[in-house]
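Close look at the chain arrangement
Residue-level listing of the chains:
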Amino acid sequence: MAGAKNHDYHILPPSIRPLAGAMAALAMASGGIMWMHSAAGGGTVFFAGLAGVLAVMYGWWRQVIIEANAGDHTPVVQLHLRYGMILFIASEVMFFVGWFWAFFDFSLFPAHIVYDSVTRTASVVADTAAQWPPKGLEVIDAFRFPLLNTIILLTSGTTITWAHHALIHGDRDGLKKGLWVTILLGLLFSSIQAYEYADAPFPFKGLNYGASFFMATGFHGFHVMIGTIFLIVCQIRVYRGDFTPQQHFGFEAAAWYWHFVDVVWLFLFVSIYVWGGWGAPIHAG
């Protein structure tokens, strides 16, 4: 076109996806609240909203991949994608700040709680010394499965770095192997955590220790599953021939996310498993 100006960014056509994603997220949140308050149709609204969110995610990210393969991700676009990923991870950090805040509030200012391991119920006894963990509670051995999962995640951090360096140096075979090992380690972590939860000596409901423990570690476990899916998508793209040493932000974002998950787990292991259960009897299961 005469007089057209060349830009180092890519102008996208108008899209309905941002509005559709916002409406689906609103429906999911509203349905979740209705469901928790036992309102009629709450579950239906929640799952309809969830389906909408997943559909928007798939369609939107599919379009981003198509644009990347078409060469539309110029250096400026890649820079802004990096800014977006950094802000997303920062928002996730604030989620964990909330869970850590709750745990430290409960632990530094404990209530006069006594836990009955037989009935698995907790009660407030005013003339009992306040302590953390609550009196009568057995905790998970930090140096058993949690330590094993720490080693698994730290190892996965090295294997994703191996895959990243292989990609940068054009080693497709090393990229595939590094990704496969990282994915398997992520699945192993989730499996061990699921077993740990099934064997946990305390419940989620009715106890501040259990609620704060499961919310913090479970939210992290959810992030591990999301990160594993992220890496699986990257592996599929690798086998399709995507990513080059010069342009591979999709992989780089997955690696950033995985390292974020690793760092959060170190804080969880030290503060919740080791420090948070210090001095309490250890569950023998």
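Look a little higher up for the structure.
Structural notes, computed from the coordinates. (Residues numbered from 1 in each chain as written. Predicted model: local features only at pLDDT ≥ 70, side-chain atom pairs only at ≥ 80, totals over all residues. Heavy atoms only, no water.)

1. Remarks on unusual backbone geometry
The test is simple: Counting from the N terminus, the helices are DSSP H or I runs at least four residues long and the strands are E runs at least two residues long.
For the bond running from Trp-132 to Pro-133, omega is -5°, close enough to zero to count as cis. Positioned with a positive phi, Ser-38 is a non-glycine residue whose angle comes to about 60°. Within the secondary structure, Ser-38 is located in the loop between helix H1 (17-36) and helix H2 (42-69). The backbone of Phe-243 sits at a positive phi, close to 75°, despite the residue not being glycine.

2. Structural notes on helix H4 (residues 145-168)
This is how the line gets drawn: Expected span, for any helix, means 1.5 Å times one less than how many residues it has.
In this model, H4 (24 residues) spans 35 Å end to end at C-alpha, consistent with the 34 Å of a helix rising 1.5 Å per residue. Phi for Gly-170, located one or two positions after H4, is positive at around 75°.

3. Here we look at the environment of Trp-132
Filter applied, for reference: Contacts are assigned to residue pairs with any non-hydrogen atoms lying within 4.5 Å of each other. We call two N or O atoms a polar contact when they sit within 3.5 Å, provided that within protein one can donate a hydrogen and the other can accept it, with sequence-adjacent residues counted only if both atoms are side-chain atoms.
Take Trp-132: it is sitting in the loop between strand E2 (121-124) and H4. Along the backbone, Trp-132 and Ala-111 are 21 residues apart, and their C-alpha atoms lie at a distance of 8.4 Å. Excluding its chain neighbours within four sequence positions, the residues that come into contact with Trp-132 are Phe-103, Phe-106, Ser-107, Pro-110, Asn-208, Tyr-209, Ser-212, Gly-276 and Trp-278. Within polar-contact distance, the side chain of Trp-132 engages the backbone oxygen of Gly-276 at 3.4 Å.

4. Description of a nonpolar patch on the surface
Defined as follows: To count toward a patch, a residue needs a relative accessible area over 30% and no salt bridge; like charges are then connected within 9 Å, while nonpolar side chains (Val, Leu, Ile, Met, Phe, Trp, Tyr) are connected within 5 Å. Reported accessibility uses the Shrake-Rupley method at a 1.4 Å probe radius. Residues are deemed covered only where the shown protein chains occlude them. We define a salt bridge as a contact between a side-chain nitrogen of Lys or Arg and a carboxyl oxygen of Asp or Glu at a distance within 4 Å.
Taken together, Phe-222, Met-225, Ile-226, Ile-229 and Val-233 make up a surface patch of nonpolar side chains, about 430 Å² in accessible area. Note that Ile-229 resides in helix H6 (residues 208-239).

5. Notes on the pattern of salt bridges
As a reminder, the rule being used: The rule is simple: take the accessible area with a 1.4 Å probe, protein chains only, and divide by the maximum for that residue type; under 20% is buried, over 50% is exposed, in between is partly exposed.
Tallied over the entire structure, the rule returns three salt bridges. The shortest N-O distance in the salt bridge between Arg-237 and Asp-242 comes to 3.0 Å. Of the residues examined, Arg-237 reaches a relative accessible area of 9% and is grouped as buried.

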